[in-house]
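In case you want the letters, here they are:
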Amino acid sequence: MARQSSLCSVAVLTADVRFEGWKTEDWSRFLDLWKPRAVKVEAEPTRPRGGVIAIVEKDTVLKLIHTAKGRIAPPPPPAPDAPPFSLAELANSQRASWGIAAERGALDEVMERFGARTRRGDDITQQALLLVTIVREMIREGGIESWPRRLHGVPVPTPPMIDRTIGSICADGHTIALGMFKDEELWTAFVARRRGRGFDVLAGPDELRPAMGVLSGEWRRDYRHLVRAVEDHYGPLSLGFFAEVERFRELQIDPRPGAWGRAVALRDVVVTPIPSAVGLALGVDVSRYALEGLRNFTARIGWFEPVVQSMRKRLGSAATGADVTVSGALGFDPMAALRALLRR
C-alpha cells in the first residue's frame, strides 16, 4: 500500500518534458535572477567568494577544495591541545562564503543509504527529496557539517506537499509565467505548463518576444502583451508574475514585513491572475506591513501597545493555520527560505 502511495506522488516534470524558447543569453539571465548576492553592493569587492569542501578525519583536514580556486593544500594537523575543528574558521581562512565538511567515508554512507531506499519508478523529485533527507540525517549524526546553516529549521517538503502546492497555484492544462523587464524590453521570461501531475513544457522568452509585437517601453502596460503571447502559445495562465529585474532582486532579500504585499499594492510588481492561495498570502503580507507601521507609530502610547500585540498574534495564527496558502501547503515560508539562500 505504501508503494502505491509512492507511485502516485507528484512528478513535477513529465517524462516527455520539453525545453524550448531559450537562447544562451536568456538562460544565463534567468539563472542570474537566483544568484546569491550581497545586500550592499559596495561590499562586493571585499566579500568572501565561493565555498570550501573538506574531507575530515578526527579534526584533521585530509582534502580541501575551493569552488573558485580548485584543490588547495589542507592545513597542517592540529596540535594535541588545539581546539576542535571549526568549519567556519576554515571557510574564513580561505575567504569562502560557505563550507561543507564530511567525515571520511560519509559520502559513501550517503550513497549506500540512497541506494537502499530508492525504488524503481521513483521520479527525479522523489529521488532529490530522498537525497536531501539522507544528507540532513548525516548532518544530525555529525558525519556531515555545513556552514552557515541558512536553511536550518526549514523542513524537507514531501511529495504530497509539493502536489498540494502545485495544485493551489496552477490548474491542469494551465501555465505559470515569470516576466522580467529591463531597459524598456523583456529581459527574460519563464513559462511552465502543467499536464497531469507534472509540467511538460519549460519555455523561455525567445518565441514570445516576436509575438508580443511593438512594446510601449512601459512594462506595466507591456506585460499584457506577454500574457497574451503565453496564452496563445502554451495555454491559459493560472499565475503570472511580472516586474523590473532590479526591483525583483531587491524584494528577494528584503526582510521587512509586508515587502511583497506593499510592492504588489504599489504595482512595483504585477501578479495576474492571482490564485486564491497566492492572494491570501499577499493579503496577510499587506496586513503584516500595516500592523508593523501601526506598531512603530504607537510605540510611545503604552496603553495601545497590548492591542497591537493582540492583533499581531491573531494575524500570525490565521496565517499559520491557513492551509490554502502556499506556506500552509509546504509547511514553511518559501520566501523566507529564498531570502536565506540569496542573502550573504
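Anything mentioned here points back to the structure above.
Residues numbered from 1 in each chain as written. Predicted model: local features only at pLDDT ≥ 70, side-chain atom pairs only at ≥ 80, totals over all residues. Heavy atoms only, no water.

Of the pairings in the sheet, the one linking strand β2 (residues 51-57) to strand β5 (residues 98-103) comprises six bridges and is parallel in character. Within β5, the residue paired with Val-56 across the bridge is Glu-103. Sheet analysis places β5 next to strand β6 (residues 144-147), joined by four bridges and oriented antiparallel. Bridge pairing links Ala-101 to Glu-145 in β6. (Pairing = 2+ DSSP bridges. Helix = DSSP H or I, 4+ residues; strand = E, 2+ residues; numbered from the N terminus.)

Here we come to the packing of helix α4 (residues 106-117) against helix α5 (residues 124-141). Contact geometry of α4 with α5 gives a least axis separation of 10 Å together with a crossing angle of 135°. With respect to each other, α4 and α5 are oriented oblique. Judged by the sense of rotation from one axis to the other, the crossing of α4 with α5 is right-handed. For the pair α4 and α5, the contacting residues are Ala-106, Glu-109, Val-110, Arg-113, Phe-114 and Arg-117 in the first and Gln-127, Leu-130, Leu-131, Ile-134, Val-135, Glu-137, Met-138 and Glu-141 in the second. Here the residues of the contact of α4 with α5 sort into eight nonpolar, one polar and five charged. (Axes fitted to C-alpha atoms, helices over the stretch in contact; angles between N-to-C directions. Parallel < 35°, antiparallel > 145°, perpendicular 65-115°, else oblique. Left-handed = near helix turned anticlockwise from the far one by under 90°. Contact = heavy atoms within 4.5 Å. Nonpolar A, V, L, I, M, F, W, Y, C, P; charged D, E, K, R; others polar.)

This part is about the sheet that holds strand β7 (residues 175-182). Strand order across the open sheet formed by six strands is β1-β9-β8-β7-β10-β11, with mixed pairing between neighbours. Two strands bound the open sheet, and with one partner strand each, they are β1 (12-20) and β11 (269-271). Neighbour to neighbour, the strand axes of the sheet diverge by 10° on average, direction disregarded. Note: strand β10 (residues 237-244) against β11, three bridges, orientation antiparallel. Bridging from a neighbouring strand, Ala-243 pairs with Val-269 of β11. Sheet contacts for helix α2 (residues 24-32): β7 and β8 (185-195); angle to β8, the most-contacted strand, approximately 85°.

Another aspect to go through is the pattern of salt bridges. Taken as a whole, this structure holds 17 salt bridges when the rule is applied. Between Glu-57 and Arg-104 there is a salt bridge, with its nearest N and O atoms 3.4 Å apart. With Glu-57 in strand β2 and Arg-104 in the loop between β5 and α4, this pair connects stretches of sequence that are 47 residues apart. What makes Glu-57 partly exposed here is its relative accessible area of 33%. Salt-bridge contacts for Glu-218 lead to Arg-220; the nearest nitrogen and oxygen are separated by 3.3 Å. (Salt bridge = Lys/Arg side-chain N within 4 Å of Asp/Glu carboxyl O. Buried < 20%, exposed > 50% of the residue type's maximum accessible area, 1.4 Å probe, protein only.)

Limitation: the analysis is restricted to geometry and does not speak to function.
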